[in-house]
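Structure at a glance
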Amino acid sequence: MIVENSLFTDKVALVTGSSRGIGKAVALAFAKAGADVLVNHSKPEGTSKTKAEGVCRQIEELGRKSVAVAADIGSKASVGEMMEAVYGWRGRLDFLVLSAARAPFKPIEKLLEREMKQLVETNYMGNIFCIQKALPLLEASGGKIVFISSLGSRFYNPSYPLGSMKAAMETLVRDCAQSFAQRGVQVNAVCGGIVRTDSFKTLRQYMDDLENIPDELCVSPEALADVVVFLCSPLARGICGQTIVVDNGLSNSLYRPAWAKKPKL
Ligand SMILES: NC(=O)c1ccc[n+]([C@@H]2O[C@H](COP(=O)([O-])OP(=O)(O)OC[C@H]3O[C@@H](n4cnc5c(N)ncnc54)[C@H](OP(=O)(O)O)[C@@H]3O)[C@@H](O)[C@H]2O)c1
């Protein structure tokens, strides 16, 4: 997307799960649009930290400020510490993007109790912890919340229990959008199609033939990130509680005679 690199000057974005994949693309898109970015990742050490610091360096090369913040969003205490770091960094928050997700890929009948707990704690409760803790700062700035959903919220996917969490979150987005509107905080979601990230590589092991899906039916992390930036921009001021599907047309047609044909979008 062609955006002014001053669109978000002096604004601050927190992107959960932005050490890699879609979250990373969102963090970079915010920086290109002029925002300073807090890059959240899950673990204080190891590749989680190294990758997050790499994203920060890329943001700094774009001329913006950035800091990595380790926090497991499934832990209320950890999210509380992250928000203290957000406040301590610039004293403000304009955009909260909820991209972090972690889930087992297995059929419902095989889910262990601890996997179910992790599914709900990270992908539902964790997002609510982030929203609750960020709300005072977002209210002060007239900020925006964007949740990253997936087509699993509305279509069957084998071995994808995360889909039911995405459906719950899309409902929560509608709920929050309405209840926060009076407080000047805008809430929406972007629902991505198939994106070739690390989680896609894992999913391949559970879904036969997934890697044979033509590139044309996949969508890039950058295409999702552009819509997140749009939803945070004044151009989207009239959009409230919506989930915008960004899937390169994957879910738009039952009839697909020539999958190899690139849609002219
Ligand atoms: N890939 C797709 O096809 C697709 C399609 C539509 C929507 N989505 C959604 O887009 C989002 C990003 O997906 P992705 O494919 O980019 O994922 P990914 O490449 O697997 O990256 C996951 C990110 O989330 C972070 N994370 C995981 N658990 C966390 C926790 N408890 N606390 C904080 N951060 C945590 C990871 O941090 P570490 O580096 O520290 O592990 C990493 O930065 C997810 O919500 C996913 O459901 C994905």
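For the structure itself, consult the block above.
The present account deals with the structure reproduced in this document. Model, not experiment: these values are computed from the prediction.

**Overview of the state of the cysteines**
Under the criterion given, the structure shown has 0 disulfides. Sulfur of Cys-218: no disulfide; nearest cysteine sulfur belongs to Cys-191 and is 14 Å away. Owing to a relative accessible area of 8%, Cys-218 belongs among the buried residues under this scheme. In this structure Cys-240 is a free cysteine whose sulfur lies 11 Å from that of Cys-176, the closest cysteine sulfur available.

**So, the sheet that holds strand S1 (residues 12–16)**
Read across the sheet, 7 strands follow the order S3-S2-S1-S4-S5-S6-S7 without closing on themselves; strand pairing throughout is parallel. The open sheet is flanked by strand S3 (66–70) and strand S7 (243–246), the only strands paired with a single partner. Pairwise comparison of adjacent strand axes, ignoring direction, gives a mean angle of 20° for this sheet. As judged from the 7 bridges shared by strand S5 (residues 144–150) and strand S6 (residues 186–192), these two strands associate in the parallel manner. Bridged to Ser-150 within S6 is Gly-192. Across the face of the sheet, helix H4 (residues 113–141) comes into contact with S1, strand S4 (95–98) and S5 while running at roughly 175° to S4.

**Focus on unusual backbone geometry**
Of note in this structure, Asp-10 is not a glycine but carries a positive phi near 70°. Along the chain, Asp-10 falls in the segment before S1. Asp-10 sits in the exposed class, given a relative accessible area of 54%. The phi torsion at Asn-248 lies on the positive side, around 60°, for a residue other than glycine. Checked against the element boundaries, Asn-248 lands in the segment after S7.

**Examining the site of the ligand**
Of all residues adjacent to the ligand, which total 31 residues, the nearest are Ser-19, Ser-48, Arg-102, Thr-197 and Ser-199. Between the ligand and the protein, one listed contact pairs an oxygen atom with a side-chain N or O atom of Arg-102 at 2.7 Å. With respect to the ligand, the backbone of Val-195 contributes an N or O atom lying 2.9 Å from an oxygen atom. Only helix H1 (21–32), strand S2 (36–41), S5, helix H5 (162–181) and helix H6 (198–203) provide two or more residues apiece to the shell around the ligand.

**Thoughts on the pairing of S5**
Of all 7 residues in S5, 7 are buried, a share of seventy percent or more. Residue alternation in S5 divides its side chains into two sets, Lys-144, Val-146, Ile-148 and Ser-150 and Ile-145, Phe-147 and Ser-149, and both sets are buried. The pairing of S4 with S5 spans 4 bridges and is parallel. By the bridge assignment, Leu-96 is partnered in S5 with Ile-145. Assessed by its sense of winding, the connection that carries the chain from S4 through H4 to S5 is right-handed. Each parallel crossover has a hand, and the one from S5 via H5 to S6 is right-handed.

Reading guide: rules and limits
- Position numbers for residues start from 1 in each chain and track the written sequence from start to end.
- Predicted model: local features are reported for residues with pLDDT of at least 70 only, side-chain atom pairs are reported and counted for 80 or more only, and whole-chain, interface and lining totals are derived from all residues.
- The side-chain quantities take in all heavy atoms of the structure and omit both hydrogens and water.
- Disulfide assignment relies on a single distance test, namely cysteine sulfur atoms paired within 2.5 Å.
- Accessible area is worked out with a 1.4 Å probe on protein chains only. A residue is then buried under 20% of its type maximum, exposed over 50%, and partly exposed in between.
- Paired strands, in this sense, are two strands between which DSSP finds at least two bridges.
- Helix and strand definitions here come from DSSP, where helices need a minimum of 4 consecutive H or I residues and strands a minimum of 2 consecutive E residues; each element is numbered from the N-terminal end.
- Axis lines are fitted to C-alpha atoms, over the contacting stretch for helices. Their N-to-C directions set the angle, which ranges from 0 to 180 degrees.
- Throughout, a contact is declared for two residues whenever any of their heavy atoms are within 4.5 Å.
- Nearness is judged by heavy atoms alone; a residue qualifies as near a molecule or strand once a single heavy atom is within 4 Å of it.
- As used in this structure description, the phrase polar contact means that two N or O atoms lie within 3.5 Å; if the pair is within protein, one of them must be able to donate a hydrogen and the other to accept it, and residues adjacent in sequence are counted only when both atoms belong to side chains.
- Crossovers are described as right-handed under a simple rule: with the strands pointing away from the observer, the path leading from the first strand over the helix to the second runs clockwise.

Any link to function would need more than the numbers given here.
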